[in-house]
Amino acid sequence: MNYVSDKHFVISKNYHGGALVVNYPWDYTYTLAPDNDAFIQHSLEYSTYNLPMYNGSFPQGITNGFDWYVAYGTLQDWAYAVTGCLDVTLELSDVKWPPDIQLTGFWEDNRESLMHFVKSARYGINGLVTDAVTGDPLAATVTVAGIPTSVTTDPAHGDYYKLLDTGTYDLEFA
């Protein structure tokens, strides 16, 4: 947790088995996450390219965690709450412990989804915050009006990323 807390991850995922779905926060409350729209877009970016998932038993292959079942202390909730990283849980198979022979099929089902998942880290807004005189990177907070979760720049590089649905937004840099 200390390692992750010190980094500026934009997106992350963890893999499970036992269902075929992209599960996104929150898992512990019916209140939607402040970035719920971005989570839905991000989750669809994965499931759309995995036809067994997209056409499976969950609508469009995605679910809000709390809507599925209540869980406390999940990695995806912690990552989002503490670091601002949009973390999702990828449930890759309805079978909890599938046989090794199915691994190639899982790779085929998920390869394209993974490529689009990585690309989605650049959706929304991103950029650099630098000193106007020296050009050195600056530590800053970027806030989108109406969304209570802000993102911070990586002080070593000055870069920031905030996943947002298509639209017009008012931004504050501090």
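For the structure, check the block above.
Quick notes on the rules
- By convention here, each chain's residues receive numbers from 1 onward along its written sequence.
- The model is predicted, so local features are restricted to residues of pLDDT at least 70 and side-chain atom pairs to those at 80 or more, both for listing and for counting; the totals for chains, interfaces and linings are taken over all residues.
- Remark: hydrogens and water are excluded; side-chain values derive from all non-hydrogen atoms of the structure.
- Three labels apply to residues, based on accessible area from a 1.4 Å probe with only protein chains included: buried if under 20% of the type maximum, exposed if over 50%, partly exposed otherwise in between.
- In DSSP terms, a helix is any run of H or I states spanning at least four residues, a strand is any run of E spanning at least two, and both are numbered starting from the N terminus.
- Note on contacts: a residue pair qualifies if any of its non-hydrogen atoms lie within 4.5 Å across the two residues.
- When DSSP finds two or more bridges between a pair of strands, those strands are recorded as paired.

Student: Help me understand the pairing of strand S2 (residues 19-24), please; the structure alone is not making it clear to me.
Tutor: One face of the sheet, then the other: side chains in a regular strand alternate in exactly this way. Buried residues dominate S2, accounting for six of its six residues. Side-chain alternation along S2 places Ala19, Val21 and Asn23 on one buried face and Leu20, Val22 and Tyr24 on a second face that is also buried.

Student: Honestly, the environment of Asp159 in this entry has me stumped. Any pointers?
Tutor: Assignment of secondary structure puts Asp159 in strand S8 (residues 159-162). When the C-alpha positions of Asp159 and Leu128 are compared, they lie 4.4 Å apart, and in sequence the two are 31 residues distant. Setting aside its immediate chain neighbours within four residues, Asp159 contacts Gly127, Leu128, Thr152, Thr153 and Asp154.

Student: Honestly, the pairing of strand S6 (residues 141-144) in this entry has me stumped. Any pointers?
Tutor: Burial along S6 is one-sided: the residues Val142 and Val144 are buried and none of Thr141 and Thr143 is. Between S6 and the antiparallel strand that follows it, strand S7 (residues 151-152), lie six residues; Gly146 among them carries a positive phi value of about 90°. The pairing of S6 with strand S9 (residues 171-173) spans three bridges and is antiparallel. In the strand pairing of S9, Val142 is matched with Phe173.

Remember, this is a structural readout, not a statement about activity or role.
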